[in-house]
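Results of the structural survey
Now for the letters of each chain:
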Amino acid sequence: MLAAVQAKDVTLCNSEVLLYEISRIPDDARRAASLSMLSLADELLVVTQAAETLALSFEEQGLGAVDALHLACASLAKVDYFCTCDDRLFRKANSMSGLGCQIISLLNLVVEVSL
């Protein structure tokens, strides 16, 4: 996946929500590694009023606030894939309505992008 991002075969999106979450990582090395990975991103998704409104509807469908903001930003940006390794988020998001993107696991994304 990293090679595909570096080769610009895949566009990696960063977001204000991700930057917030990364800022909360207590381990300096892990935080730096995460920021280094996101330095490869071509787009920064911002939290807009529309994203906050959509996130509230996702919260009403059972997501936590931060997960709802992640998904709202991705949905409004109409990204092709919202990739998560969080099994709970994956299950909940796949059962939700109003999404503007496909929810996918990292392993399935690797397969999808390799085709």
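See the structure shown above.
The shown structure was predicted, so the numbers you read here are calculated from the model rather than taken from an experiment. (Residues numbered from 1 in each chain as written. Predicted model: local features only at pLDDT ≥ 70, side-chain atom pairs only at ≥ 80, totals over all residues. Heavy atoms only, no water.)

**Looking at the packing of helix α4 (residues 49–60) against helix α5 (residues 65–77)**
Across the interface, α4 lies against α5 with an axial gap of 8 Å and an inter-helix angle of 125°. With respect to α5, the axis of α4 lies oblique. In the packing of α4 onto α5, the handedness of the crossing is right-handed. For the pair α4 and α5, the contacting residues are A50, A51, E52, L54, A55, F58 and E59 in the first and A65, A68, L69, L71, A72, C73, S75 and L76 in the second. Classifying every residue of the contact of α4 with α5 gives 12 nonpolar, 1 polar and 2 charged. (Axes fitted to C-alpha atoms, helices over the stretch in contact; angles between N-to-C directions. Helix = DSSP H or I, 4+ residues; strand = E, 2+ residues; numbered from the N terminus. Parallel < 35°, antiparallel > 145°, perpendicular 65-115°, else oblique. Left-handed = near helix turned anticlockwise from the far one by under 90°. Contact = heavy atoms within 4.5 Å. Nonpolar A, V, L, I, M, F, W, Y, C, P; charged D, E, K, R; others polar.)

**Quick look at the state of the cysteines**
Applying the stated criterion across every chain, the model contains 0 disulfides. Among the cysteines around C83, which has no disulfide bond, C85 carries the closest sulfur, lying 5.6 Å off. Judged by its relative accessible area of 34%, C83 is partly exposed. No disulfide involves C101; its sulfur sits 10 Å from that of C13, the nearest cysteine. (Disulfide = S-S within 2.5 Å. Buried < 20%, exposed > 50% of the residue type's maximum accessible area, 1.4 Å probe, protein only.)

**Side note on α4**
Between its first and last C-alpha atoms α4 spans 17 Å; for 12 residues at 1.5 Å apiece the expected length is 16 Å, and the two agree. Turning to α4, its buried residues number three or more, namely A51, L54, A55 and F58. Around the axis of α4, the buried residues are gathered within 105° of arc, so they sit on the same side. Pointing more than 90 degrees away from the buried face of α4 are the exposed residues Q49, L56 and E60. Check the buried side of α4 and you find it contacts α5. One or two residues past the end of α4 sits G62, with phi positive at roughly 115°. (Expected span 1.5 Å × (residues − 1). Arc of directions from axis to C-beta.)

**Some details on unusual backbone geometry**
For K8, which is not glycine, the phi dihedral falls at a positive 65°. With respect to the helices, strands and loops of the structure, K8 is situated in the loop between α1 (2–6) and β1 (13–15). Residue K78 is not a glycine yet carries a positive backbone phi of 55°. Relative to the helices and strands, K78 is located in the loop between α5 and β3 (81–83).

Note that every value here comes from positions in space, so none of it alone points to a role or purpose.
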